[in-house]
Amino acid sequence: MSQTKYIFVTGGVSSSLGKGIIAASLAKLLQVRGHKVTIQKLDPYINVDPGTLNPYEHGECYVTDDGAETDLDLGHYERFLNVPTSQANNVTTGRIYQSVIQKERRGEFLGKTVQVVPHITNEIKERIQILGNCGEYDIVITEIGGTVGDIESLPYIEAVRQMKWELGDDHSMVIHLTLIPYLSAAGELKTKPTQHSVKTLMESGLKADVLVCRTEHELSDDLRRKLALFCNVKQEAVIQSIDASTIYDVPNLMLEEKLDAVVLRQFNLPVEENVDLTAWNGFLKKHKNPKNTITIGLIGKYVELQDSYKSILEAFIHAGAANEVKVKVESIHSEYLDSSNVADKVKHLDGVLVAPGFGERGIEGKIKAVQYARENKIPFLGICLGMQMAVIEYSRNVLGLKDAISIEQDESAVNPVINLMEEQKDVTDKGGTMRLGAWKCALEKGSNVYDAYQEDEILERHRHRYEYNNEYKKQLEAAGLLTTGTNPKTGLVEIVEVKDHPWFVGVQYHPEYKSTVLKPHPLFVAFVKAALNYSKN
Ligand code: GLN
């Protein structure tokens, strides 16, 4: 019998209640209590992964070391736990069906009729148990995307029901996250929607063991008792999750509510008094008591939706705390940026970040922002497409190649300073085909990036098809655009810096994915520091 304990997190009443943050906060508490924990997200949509989704649809696509394009909740898991996730941590309905259909084509079902139950549900169970059986974790938390009652969640709920039956209550549990709305006209918190969503779970044969109740007002003892009685859970298992000023407060709030203790008791595991959140609280203290404020411009084309740049925004929170400074991020839409307004929009900033992205829209605005930051010596960080824009800007305005552009924007470019990578030339499928995941990069001593990392070689995560065109390297370097990081095997240029500039860095990789609360990313820390110095002059 498996020793691994499984926690399933479901959601009811409404989406966007923060299942990912609750799962990550619980995992954090269990981790500081000495358990090895991982978190997995099951997404009930048919895309094989979120890599093909527009950020407006589903927020940022998060990338793991092993090159999985995943849901942004995995970013929260890593930021809270400081432990990398992998391909196995995010599974979609598309992936499940793809795998079952491939097995069917190989004849693995031996002539049977292939059905949702048992074939799809078995595949789901296997995907959950991969993490439990790999020997690395004592506790696996599986978050089920969507809301109970959705048609597409049904196979997942059935898989969980079966696992609970097989494993028993001391090895598996369901935490149901729900909303307790406040009706201001009645001056009351309402429990009925929660009762109904618990009932919906029960119709599928699944009983909630714990209720985590999102609320804007404190839950009274009476209300907790009522919820416990009508939803069939212990009173201690009614957990209040009150709105917090920062997501990083949630582990402390869950500790106060004893969510971790309720879980451990159900699993017959010891509940020691001492929970050591010293390092975590050290971060929170700095985050909440900044000594200075700086403003960074985030130049991107998906700025209407905060979730599109989630990891970047969180990386600034971590790096801000490390520097004891509040980083105000001002979103600037690259599509509406041009020569006539760039000074107005950029001159008051202490730092400029040009965001990752794809396609043509908003490109010229990004190039204008790069130029302004370079010429006015404002600290600059370009990430992925942002780095490519920096190379184009330098080629155009310093080298004098007025028509410099990326092949991504102009397939018949005369001066393609950014080129399609060789191995991408025959690729036709869009999903999962970019240069993905962690690749090495060797750093030049004496550069700003070397200063930041203090390492000769780094490993950073990637997601791109285009690259710096080495045919222009000699000219660009001679003109002052230095190459300070390269892939040691292929020579692919990973980092550029402007020579006569206090801090101008463009990186082909995505540093934001690796920033965590306890390990703020060195490049973001250095960028914020440079912006702080700039703000003081
Ligand atoms: N579109 C660019 C490429 O594919 C940059 C990608 C990105 O910013 N993630 O190379």
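Up top you'll find the structure we're talking about.
(A) Quick peek at the site of the ligand. As a matter of local geometry, the ligand sits amid P356, G357, F358, C384, L385, Q388, E408, R463, H464, R465, Y466 and H510. In the environment of the ligand, an oxygen atom lies 2.9 Å from a nitrogen or oxygen atom belonging to the backbone of G357. R465 is positioned such that a nitrogen or oxygen atom in its backbone is 3.0 Å from an oxygen atom of the ligand. Its free accessible area being 300 Å², the ligand has 99% of it covered by the protein chains. Those elements giving two or more residues to the shell around the ligand turn out to be α15 (385-397) and β19 (457-464). Residues that form the shell around the ligand fall into these classes: five nonpolar, four polar and three charged.

(B) Representation of the sheet that holds strand β14 (residues 351-354). Read across the open sheet, the nine strands follow the order β13-β12-β14-β15-β23-β22-β21-β18-β19; overall the sheet is mixed. Each edge of the sheet is formed by a strand with only one pairing partner; in this case those strands are β13 (325-333) and β19. Along the sheet, successive strands turn relative to each other by an average axial angle of 30°, direction set aside. Where strand β12 (residues 292-300) meets β13, nine bridges bridge the pair, whose relative direction is parallel. When the bridges of β13 are listed, I294 appears paired with V327. Taken strand by strand, α15 contacts β14, β15 (380-383), β21 (481-486), β22 (493-498) and β23 (504-507), and its axis lies near 115° from that of β15.

(C) Representation of the sheet that holds strand β10 (residues 210-215) in the model. Pairing is parallel in the open sheet, where seven strands are placed in the order β5-β2-β6-β1-β7-β10-β11. Edge positions in the sheet fall to β5 (90-92) and β11 (238-242), since each has one partner strand and no second. For this sheet the average axis-to-axis angle between neighbouring strands, irrespective of direction, equals 20°. The pairing of strand β1 (residues 5-11) with strand β6 (residues 139-144) spans five bridges and is parallel. Bridge pairing in β6 places Y6 opposite V140. Set on the sheet, helix α6 (residues 154-167) makes contact with β1, β2 (37-43), β5, β6 and β7 (172-179); between it and β7 the angle comes to about 140°. Across the sheet, helix α8 (residues 221-231) is in contact with β10 and β11; its angle to β11 comes to roughly 125°.

(D) Here's a closer look at the pattern of salt bridges. Overall, the coordinates contain 34 salt bridges when judged by the stated rule. Two residues, D43 and K41, come together in a salt bridge whose shortest N-O distance is 3.4 Å. Comparing D43 with K41 shows no difference in burial state: the two are buried. One salt bridge in this structure joins E123 and K103, with 2.7 Å as the shortest N-O distance. On the criterion of sequence distance, the pair formed by E123 in helix α5 (residues 116-133) and K103 in helix α4 (residues 93-105) is long-range, its members being 20 residues apart. We classify E123 as buried; its relative accessible area is 5%. Classification of K103 as buried rests on a relative accessible area of 16%. It is possible to trace a salt-bridge network through shared partners that takes in K41, D43, D71, D73 and E143.

(E) How the structure looks around unusual backbone geometry. Put simply, V117 and P118 share a cis peptide bond, and its omega is 10°. When you line up the elements, P118 lands in helix α5. Despite not being glycine, V13 shows a phi value in the positive range, around 75°. Along the chain, V13 turns up in the loop between β1 and α1 (19-32). Within the chain, K258 stands out as a residue other than glycine whose phi angle is a positive 65°. As for its position among the elements, K258 is in the loop between α9 (250-256) and α10 (259-266).

(F) Region of interest: the nonpolar core. Among the nonpolar cores identified, the biggest contains 81 residues, and I7, I141, I175, V210, L227 and L259 are the most heavily contacted of them. Sorting elements by how many residues they give to this core places α1 first, with eight residues. Core analysis: the next-biggest nonpolar cluster, separate from the first, contains 39 residues, V346, Y372, V391 and V493 among them.

What counts, and where the lines are drawn
- Residue numbers restart at each chain and count upward from 1, following the sequence in its written direction.
- Given that this is a predicted model, residues contribute local features only at a pLDDT of at least 70 and side-chain atom pairs are listed and counted only at 80 or more, while totals for whole chains, interfaces and linings are drawn from all residues.
- Hydrogens and water molecules were not included; the side-chain quantities draw on all heavy atoms of the structure.
- Near residues are defined by distance, with any heavy atom within 4 Å of the molecule or strand qualifying the residue.
- Pairs of N or O atoms are called polar contacts if they sit within 3.5 Å, as long as, within protein, a hydrogen donor faces a hydrogen acceptor (for residues adjacent in sequence, only side-chain-to-side-chain pairs).
- Here the Shrake-Rupley method, with its probe set to 1.4 Å, supplies the accessible areas, and only the displayed protein chains count as covering residues.
- Note on conventions: DSSP H or I runs of at least 4 residues are helices, E runs of at least 2 residues are strands, and numbering of each starts at the N terminus.
- Gly falls in the polar group here, along with every residue not listed as nonpolar (Ala, Val, Leu, Ile, Met, Phe, Trp, Tyr, Cys, Pro) or charged (Asp, Glu, Lys, Arg).
- Strand pairing follows a simple DSSP-based rule, namely that at least 2 bridges must link the two strands.
- An axis is simply a line fitted to the C-alpha atoms; with a helix, the fit covers only the stretch in contact. Between two such axes, the angle follows the N-to-C directions and lies from 0 to 180 degrees.
- By definition in these notes, contact holds between two residues if any of their heavy atoms fall within 4.5 Å.
- Any carboxyl oxygen of Asp or Glu that lies within 4 Å of a side-chain nitrogen of Lys or Arg is treated as forming a salt bridge with it.
- Throughout this description, buried means an accessible area under 20% of the type-specific maximum (1.4 Å probe, protein chains only), exposed means over 50%, and partly exposed covers the range between.
- The term nonpolar core refers to a set of buried residues drawn from Ala, Val, Leu, Ile, Met, Phe, Trp, Tyr and Cys, joined through side-chain atoms within 4.5 Å.

Read these as spatial facts, not as claims about activity.
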